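Residues per chain, in single letters:
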Amino acid sequence: LRGQVRALLALSAALSLASADLFTSIADMQLLMDSEKYIPTVLDKYIKQEQQRLQELKDLVTDYNVRNEKQMVNGIKDLTNPINAFLMIKRKIFDWRDIEHHMKANGAEGFLQRLTDANYGVRQPTEEDLTGAAIGLLRLQDTYRLDTKQLADGRIFGVQSNYTFNAFDCYEIARAAYNQEDYYHVIPWMEEAMERLEKEDPPSANKNDVLEYLAFAMYKQGNLKRALKLTEELYKSDPTHPRAKGNVKWYEDLLEQEGVKRSEMRKNIPRLSNERPASALENAERNMYEALCRNEVPVSTKALSVLYCYYKRDRPFLILAPVKVEIVRYKPLAVLFRDAITDSEIETIQELATPKLARATVQDSETGKLVTATYRISKSAWLKHYDHPVVERVNNRLDLMTNLEMETAEELQIANYGIGGHYDPHFDHARKEEVKAFADLGTGNRIATVLFYMSQPQIGGGTVFTEVKSSITPSKNDALFWYNLHRNGEGDARTRHAACPVLVGIKWVSNKWIHEVGQEFRRPCGLTMHEHERYVGDLGGPEPKDAPNFSPYPKKK
């Protein structure tokens, strides 16, 4: 269609040029007369293609109506599954290109602008978004040990999603991994794309592209004979391929350098080697982090037997409205404040935060500045106490819950996690070498953390402590609390923790980081690390030895 438009423009230009100096040549006049013979043919062909274009647009309208009806039934459930979410991002990108192609072919920029305006400022997904979604899927696959074929079939732990992947979807995920030089994931996803191509008619992806990517990934993972075999298949499929013949010789030369005879290069192909690459985390910590996320680290019966709950009534206001406290771990202490925030408060905070959400940042240990990082994938917003009465109310409640001063605490941070959203193991407090951390605040180090769970994912999204091998499953309306510093002000290395990626569901949390300044009388310092160390005395609760006989009601005199 674009070619026909260009032809019409070229014809128009020729007519304009001819009219400028026709009088100088009868031959030119004859050419002009001859050119008119072709106008009906060109226009007729253009009209037919225009009718076809319009029919394709009508088909798109029908498809969108069916899709919209389905989305009205499923609602946000479609987005809580990472497979559906990835496909939606991909569909938005490629569908929009298709719509643009069909409409721009008729100079419909004005209509396209109306469609853009109809989104009310909502940004259309980009290639970067698609790559991020694919990498998020791969992170989920690693953390929860998901099978590639089952994922492509739309199954997560036996639960079927609404959609499945075609060969092109698998190819796109593998290509995203390839661009990150993650050949460990390229192999299974390109192999899955190949399997699906064999069953597709017409194919959704180019087989030769898949072969080339797969061959190179095989080479990078130490499978030279397999790389050679795949490249020869590519050359056989397309002898004119610009790289296939040269790559065959290259792989042969590499095998020869390894001492493999040419007669043996295509025989006795060894088992596939596909080692997972090292990450920024130590292997031991990464393995523990992922095992905790999968709830594979057992907790001893003895450790569970000393845990208990109580009503916190140590402040005048709490005598009538006690706080429900559950001890979830000792050394270091971690408690859950049950029903710490209401559904209506959560809705208000989410409404306030949503317009402000931006890519979450971390503090650079050298400069003290906030920067984005690949080990923290989420979006966050900050709410001040005067933004809404609900925020002020939550801050006041935190004072009663923790017995700590909120005047020097940071603003309430709200975070929302997307596909594979996570936060690798880290400390909330600044370590000794991080001298510039929190310097701008002038309120000292982070003495404690409160983490409100504002939603409850179906699978994943837990908070895990890698040093002490414990995990806490998100429970909506509750708040997790722990101290980051010892009594003498030194950081507690046992508080190293992480946010597991959300596998199925939505994760909203809000953080309150409480600082040292202002706590002089609330939580007095000690000269040594464990001086004045208590379990829950600071939180108005009984010590463990008193717990079995503890009653939430005041003792009679």
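Residues numbered from 1 in each chain as written. Predicted model: local features only at pLDDT ≥ 70, side-chain atom pairs only at ≥ 80, totals over all residues. Heavy atoms only, no water.

Looking at an unreviewed UniProt entry, one finds the chain named procollagen-proline 4-dioxygenase, with Pristionchus entomophagus as its source organism. Heading Sequence similarities (unreviewed entry) of the UniProt record for the chain holds this comment: "Belongs to the P4HA family." Turning to the chain, the UniProt annotation filed under Cofactor (unreviewed entry) states: "L-ascorbate". (UniProt positions renumbered as here; feature names shortened; annotations may be inferred.)

With reference to specific residues and values, describe the overall build of the chain.
Of regular secondary structure, the chain possesses 17 helices and 20 strands. Counting only residues that meet the buried cut, the chain has 44% of its 557 residues in that class. Considering only contacts in the chain between residues 6 or more positions apart, those separated by 24 or more positions represent 73%. Approximately 30,600 Å² of the chain is accessible, and the part contributed by carbon and sulfur atoms is 54%. (Helix = DSSP H or I, 4+ residues; strand = E, 2+ residues; numbered from the N terminus. Buried < 20%, exposed > 50% of the residue type's maximum accessible area, 1.4 Å probe, protein only. Contact = heavy atoms within 4.5 Å. Areas by Shrake-Rupley, 256 points an atom, 1.4 Å probe, with all protein chains shown as cover.)

Explain the packing of aromatic side chains to me, using residue names and the numbers behind them.
Scanning the entire structure with this criterion turns up 17 aromatic pairs. When the ring of F86 is compared with that of F165, the centres are 5.6 Å apart and the planes differ by 65 degrees; the resulting orientation is edge-to-face. With F86 in helix α4 (residues 82-104) and F165 in the loop between β2 (159-160) and α8 (167-179), the pair connects residues that are 79 residues apart, well separated along the chain. Like F165, F86 is buried. When its relative accessible area of 3% is taken as the criterion, F165 is described as buried. Grouping aromatic residues by their ring pairs yields a cluster made of F168, Y171, Y178, Y183, Y213, F216, Y219, W250 and Y251. (Phe/Tyr/Trp six-rings, centres within 6.5 Å; stacked < 30°, edge-to-face > 60°.)

Now, about the nonpolar core: what can you tell me, with residues and values included?
Membership of the largest hydrophobic core comes to 62 residues, with the highest contact counts inside it found for F86, F165, I173 and W189. Among all residues touching F165, those that are not within four sequence positions of it are I83, F86, L87, L137, L151, A152, C170, I173, W189 and R196. (Core = buried A, V, L, I, M, F, W, Y, C linked by side-chain atoms within 4.5 Å.)

Quick rundown of the packing of helix α10 (residues 207-220) against helix α12 (residues 244-257)? Include the residues and the values.
At their nearest, the axes of α10 and α12 sit 13 Å apart, and the two run at 15 degrees to each other. Considering their axes alone, α10 and α12 lie roughly parallel with respect to each other. Here α10 runs over α12; the crossing is left-handed. Side by side, α10 and α12 meet where E212, A215, F216 and Y219 of the first sit next to N247, W250, Y251 and L254 of the second. (Axes fitted to C-alpha atoms, helices over the stretch in contact; angles between N-to-C directions. Parallel < 35°, antiparallel > 145°, perpendicular 65-115°, else oblique. Left-handed = near helix turned anticlockwise from the far one by under 90°.)

I'd like a description of the environment of G540, backed by residues and values.
For G540, the location among the structural elements is in the segment after β20 (507-515). Counting along the chain gives 138 residues from G540 to T402, while the straight-line C-alpha distance between them is 9.0 Å. Setting aside residues no more than four positions away along its own chain, G540 makes contact with Y310, D314 and N403.

Would you mind going over the sheet that holds strand β10 (residues 379-383) in detail, with residue names and values included?
As summarised here, the arrangement of the 9 strands in space is β3-β4-β5-β17-β13-β20-β11-β10-β6, forming an open sheet in which the pairing is antiparallel. Every interior strand has two partners, whereas the edge strands, β3 (309-312) and β6 (358-359), have only one. Sheet analysis places strand β11 (residues 412-417) next to β20, joined by 5 bridges and oriented antiparallel. By the bridge assignment for β20, Q413 is matched with N511. On the sheet, helix α16 (residues 343-353) packs against β10, β11, β13 (446-453) and β20 and is oriented at approximately 105 degrees with respect to β10. Contacts from helix α17 (residues 389-402) reach β3, β4 (323-329), β5 (334-338), β10, β13, β17 (479-483) and β20 within the one sheet, and its direction differs from that of β13 by about 120 degrees. (Pairing = 2+ DSSP bridges.)

An account of the pairing of β3 is requested, with residue identities and associated values reported.
Side chains of β3 alternate between two faces, with Y310 and K312 buried and C309 and Y311 left unburied. Of the pairings in the sheet, the one linking β3 to β4 comprises 4 bridges and is antiparallel in character. Within the sheet, the bridge partner assigned to K312 lies in β4 and is V323.

Please provide a residue-by-residue account of helix α9 (residues 183-199), values included.
Taking 1.5 Å of rise per residue, 17 residues should cover 24 Å, and α9 covers 25 Å from first to last C-alpha, within 8% of that figure. Listing the buried residues of α9 in full gives Y183, H185, V186, I187, W189, M190, E192, A193, M194, R196 and L197. Against α6 (127-143), α7 (148-152), α8, α10 and α11 (224-237) lie the buried residues of α9. (Expected span 1.5 Å × (residues − 1).)

Can you tell me about the pattern of salt bridges, naming the residues and giving the values?
Any two side chains of opposite charge can pair if their charged atoms end up close together. Evaluated as defined, the whole model comprises 37 salt bridges. Measuring nitrogen to oxygen at the nearest pair gives 3.7 Å for the salt bridge that ties E198 to K207. Classification of K207 by relative accessible area gives partly exposed; the value is 32%. The shortest N-O distance in the salt bridge between E212 and R243 comes to 2.5 Å. Of this pair, E212 sits in helix α10 while R243 sits in the loop between α11 and α12; the two residues are 31 residues apart in sequence, bridging distant segments of the chain. (Salt bridge = Lys/Arg side-chain N within 4 Å of Asp/Glu carboxyl O.)

Talk me through the environment of A334; I want residue IDs and the actual numbers.
Relative to the helices and strands, A334 resides in strand β5. Residues A334 and T449, spaced 115 residues apart in sequence, show a C-alpha to C-alpha distance of 10.0 Å. Leaving out residues up to four positions away in the same chain, A334 has contacts with E326, I327, V328, R329, L480, F481 and W482.

Before we move on, could you go through unusual backbone geometry and cite the residues and values that matter?
In this structure, P202 follows D201 across a cis peptide bond, with omega equal to 0 degrees. Within the secondary structure layout, P202 lies in the loop between α9 and α10. With phi around 60 degrees, E181 is a residue other than glycine that occupies positive phi space. With respect to the helices and strands, the residue E181 is situated in the loop between α8 and α9.

Could you give me a rundown of the pairing of strand β12 (residues 422-426), with the residues and numbers involved?
With 5 of 5 residues buried, β12 lies mostly within the body of the structure. Here β12 pairs with strand β18 (residues 497-499) via 2 bridges, running antiparallel. Bridge pairing links H426 to H497 in β18.

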